[in-house]
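# Working through the structure, step by step
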Amino acid sequence: MFQSGPRKEIPPASVRSLTCPGCGASVVLRSFGKAVNVVCGSCHSVLDAQDPQVKILQEFKDTLRRTPKIPLGARGKLRNILFEIIGFQHRQIEADGQIYGWDEYLLFNPYQGFRYLTEFDGHWNFVAPLRTLPQAMAPGIETDRYYLGERYKHFQTAVAKTTFVLGEFPWQVRVGETAEVTDYVSPPRVLSAEVTADKEVNWSMGEYMTGAGIWKTFNLKDQPPVAVGVYENQPSPFGDAPRKLWRYCFLFLAVATVLWIANLVTASNKQVFSQGFSYDPKVADSALVTNVFEMDGRASPVEVKTATSVDNQWIYLDYTLINDQTGETYDFGREISFYRGYEDGESWSEGATSDSVTLPAIPPGRYFLRIEPEGDKNLGEISYLVTVTRGSPTSVWFLIAVPMLVIPAVLSTWRSISFEHQRWQESDHAPIGFTAGGDSDDDDGDDDDDS
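Please read these numbers as outputs of a predicted model, since none were measured by experiment. (Residues numbered from 1 in each chain as written. Predicted model: local features only at pLDDT ≥ 70, side-chain atom pairs only at ≥ 80, totals over all residues. Heavy atoms only, no water.)

### Digging into the confidence of the model for the protein
Applicable threshold: Confidence scores here are pLDDT values: one per residue, from the predictor, ranging 0 to 100. What makes two residues a contact is simply this: any of their non-hydrogen atoms within 4.5 Å.
Confidence along the protein averages 85 in pLDDT terms, with 82% of residues attaining 70 or more. pLDDT under 50 marks residues 1-14. Its contacts with residues more than four places away, or in other chains, come to 50 contacts.

Laid out in structure tokens, this is it:
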């Protein structure tokens, strides 16, 4: 990050301009005499803004030139304060043999002082210097920090190098200068500590912002750079949704469980019909009608069980439950098959000799069954027993409800964890299976684009 503030007290002065001794260009000072250094916009020489003779402190020799995405002099309101961009620098770090670079913008308000904007791969932060120091769990140990009661986790420590500067700064700035930068994150905020070559420590806090918000603030006409990947303090789009989903999941599961148990306990489970039949596949018409049976009480599930003598054969039963008083019908068919044998010295079997089906919410009344069986005519006679039970407990709805409640919570949690894995794979504490630095396809590849 930028240094937290000027290195020395600067007496107030009015707005003025300087003439660059290197190229003769006019250099405007916007920070009311608070500038220590200013960089010529034409030849990019670093000038001493406090020297009446405007001494050149550093000449620009690098062939690399960068164009700020937000022009110097642009004005916009951040946190309801009007700021003007007066300085720009590009910095980079090296991690795992890869170079990662970002841009930093110096903001100025004559009454509020200096603030900063940083941008890396389309991710932005609004940065302000801290007035009090964060607290460490143990002195001298690179660990988490606490600030205003909030915990910030150590993310990364690296040496940052300044590769390009433009505009004016309230401290001595040079191309090539380095500082050790340590970041601690608690999305959407990040604490940054910079240790300079002379061991001066400067703390700042950044808060994540979107490119669209920055572009609107400064009334920029083009489109902001697209955000790539997950940034260190980028807030998760899932927020506390997983926690809320699990809370509702457990709540509704508890309700469903109580209802399921209540259904099991209160179900009448009364057998209203049971009769055995025999089916001969060689008989052309085997359809039959049962005796009438009574189903009283309220509308409730009805279970129809079929137990057969099938053995290496099958039978299909076309059922129709008919209300003897209203003529209302309920049609359903059941196929029952059972096969067994020996193969390679081992026995095997598949299918079953019985079947059960539950019809939901059948109204009370007098009913009978029409049964039309079908089977393989080359096989022998099949006997079957049909049993009808009124008010039988059912667990089908509960078995459907459980995954419908759990799956959304599981998916939300998995997506949230995946997001955090992407965040921390760029840190010094990469999760297992990830490498710190992540994919390096964008390893400051824009260094050559803004020339």
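Still more ground to cover, so stick around.
### With respect to a nonpolar patch on the surface
Cut-off, in case you're wondering: By definition, no residue in a patch forms a salt bridge, and every one has over 30% relative accessible area; like charges are joined within 9 Å, nonpolar side chains (Val, Leu, Ile, Met, Phe, Trp, Tyr) within 5 Å. Accessible surface is estimated by sampling points in the Shrake-Rupley manner with a 1.4 Å probe; for residues, cover comes only from the protein chains shown. Here, a salt bridge means any Lys or Arg side-chain nitrogen found within 4 Å of an Asp or Glu carboxyl oxygen. In DSSP terms, a helix is any run of H or I states spanning at least four residues, a strand is any run of E spanning at least two, and both are numbered starting from the N terminus.
Side chains of Y248, L251, F252, V255, L259 and W397 sit close together on the surface and give an oily, nonpolar patch of about 590 Å² of accessible area. The greatest single-element share of the nonpolar patch, amounting to 5 residues, is contributed by helix α2 (residues 241-266). With respect to the element layout, W397 can be found in helix α3 (residues 396-424).

### So, the sheet that holds strand β24 (residues 354-362)
Strands in a sheet are paired, the pairing made by backbone hydrogen bonds, and the direction either parallel or antiparallel. The condition that has to hold: One requirement defines pairing of two strands: DSSP has to find at least two bridges between them. For helices, the axis comes from a line fit to the C-alpha atoms of the stretch in contact; other axes are also lines fit to C-alpha atoms, and the angle between any two N-to-C directions lies between 0 and 180 degrees.
Strand order in this open sheet of 4 strands is β17-β26-β20-β24, and the pairing throughout is antiparallel. Where the open sheet ends on each side, the last strands, each with one partner, are β17 (270-279) and β24. In this sheet, neighbouring strand axes are inclined to one another by 15 degrees on average, regardless of whether the strands run parallel or antiparallel. Bridging between strand β20 (residues 300-308) and strand β26 (residues 382-390) involves 7 bridges; their strand directions are antiparallel. Bridged to E303 within β26 is T389.

### Brief notes about α2
Which entries qualify depends on this criterion: Given a helix with a known number of residues, its expected span is that number minus one, times 1.5 Å. Exposure categories follow from relative accessible area, calculated using a 1.4 Å probe and restricted to protein chains: below 20% of the type maximum is buried, above 50% is exposed, and the middle band is partly exposed.
For α2, built from 26 residues, the straight-helix expectation of 38 Å at 1.5 Å per residue is met to within 8% by its first-to-last C-alpha distance of 37 Å. Residues of α2 that are buried include every one of P242, C249, L253 and A256, and no others. Of the surrounding secondary structure, the elements contacted by the buried residues of α2 are α3.

### What to know about the environment of T394
Structurally, T394 can be placed in the loop between β26 and α3. Measuring from C-alpha to C-alpha, the distance between T394 and T358 comes to 7.7 Å, with 36 residues separating the pair along the chain. Residues within four places of T394 in sequence aside, it is in contact with W260, N263 and P301.

### Describing the side chain of N233
Cut-off, in case you're wondering: Contacts described as polar in this section are N or O atom pairs within 3.5 Å, which, within protein, must combine one atom able to donate a hydrogen with one able to accept it, while residues neighboring in sequence count only if both atoms come from side chains.
Relative to the assigned elements, N233 resides in the loop between α1 (211-217) and α2. At 3.0 Å, the side chain of N233 and the backbone oxygen of P188 are in polar contact. Residues in contact with N233, not counting those within four places in the same chain, are N125, V185, P187, P188, R189, V190, G206, E207, Y208 and R423.

### Re the environment of P373
Examined against the element boundaries, P373 turns out to sit in strand β25 (residues 365-375). The buried category is assigned to P373, whose relative accessible area is 7%. Between the C-alpha atom of P373 and that of S286, which follows or precedes it by 87 residues, the distance is 6.5 Å. The contact partners of P373, leaving out residues within four places of it in the chain, are Y279, S286, A287, I315, Y316, L317 and Y384.

### Remarks on the pattern of salt bridges
Applying the stated criterion across every chain yields a total of 17 salt bridges. Notably, a salt bridge pairs K69 with E119, separated by 3.1 Å at the nearest N-O pair. Taken together, the positions of K69 in the loop between β5 (56-58) and β6 (75-78) and E119 in strand β9 (residues 113-120) put the pair 50 residues apart, joining distant regions of the chain. With a relative accessible area of 25%, K69 lands in the partly exposed category. With a relative accessible area of 5%, E119 lands in the buried category.

### A short note on unusual backbone geometry
Cis geometry marks the peptide bond from P187 to P188; its omega dihedral reads 10 degrees. Inspection of the secondary structure puts P188 in the loop between β14 (178-186) and β15 (189-195). Its identity is not glycine, yet R79 carries a phi of approximately 55 degrees, on the positive side. Judged by relative accessible area, R79 falls into the partly exposed class, the value being 41%. In the Ramachandran plot, N269 falls in the positive-phi region, its phi being about 50 degrees despite a non-glycine side chain. By the secondary structure assignment, N269 is in the loop between α2 and β17.

### Describing the nonpolar core
Applied cut-off: Grouping buried Ala, Val, Leu, Ile, Met, Phe, Trp, Tyr and Cys residues that are joined through side-chain atoms within 4.5 Å yields what is termed a nonpolar core.
I70, L78, L107, L117, I214 and F218 are the most contacted members of the largest nonpolar core, which has 29 residues in total. At the level of elements, β7 (81-95), β8 (98-109), β9, β10 (123-129), β13 (150-169) and α1 are the ones that each hand at least two residues to this core. In this view, I70 contacts I85, Y105, L117, W124, I214, W215, F218 and L220; residues no more than four positions away in its chain are not counted. By size, the runner-up hydrophobic cluster in this structure holds 28 residues, among which are F273, Y279, F338 and I362.

### What about α3?
Between the first and last C-alpha of α3 there are 43 Å, a value that for 29 residues agrees with the 42 Å anticipated at 1.5 Å per step. Those residues of α3 not exposed but buried are F398, A401, A409, S412, S416, F419, R423 and W424.

### As for the packing of aromatic side chains
Our working definition: A pair of aromatic rings is counted whenever rings of Phe, Tyr or Trp (Trp by its six-membered ring) have centres within 6.5 Å, and the orientation is called stacked for planes under 30 degrees apart, edge-to-face for over 60 and tilted otherwise. Charge over a ring is defined by NZ of Lys or CZ of Arg lying within 6 Å of the ring centre and within 35 degrees of the ring normal.
Taken as a whole and judged by the stated rule, the model has 18 aromatic pairs. Here F88 and F164 contribute two aromatic rings whose centre-to-centre distance is 6.2 Å and whose plane-to-plane angle is 65 degrees, an arrangement assigned as edge-to-face. Of the two residues, F88 is situated in strand β7 and F164 in strand β13; the sequence distance between them amounts to 76 residues. Using a relative accessible area of 0% as the deciding quantity, one classes F88 as buried. A ring pair is formed by W397 and F398, whose centres lie 5.9 Å apart and whose planes are at 80 degrees; its orientation type is edge-to-face. For W397, a relative accessible area of 33% corresponds to the partly exposed category. On the basis of relative accessible area, F398 is assigned to the buried category, the value being 12%. Each residue in the set F88, Y105, W124, F164 and W215 is aromatic and connected to the rest through ring pairs, giving one cluster. Taking NZ or CZ as reference, R247 lies 5.7 Å from the ring centre of Y248, over its face.

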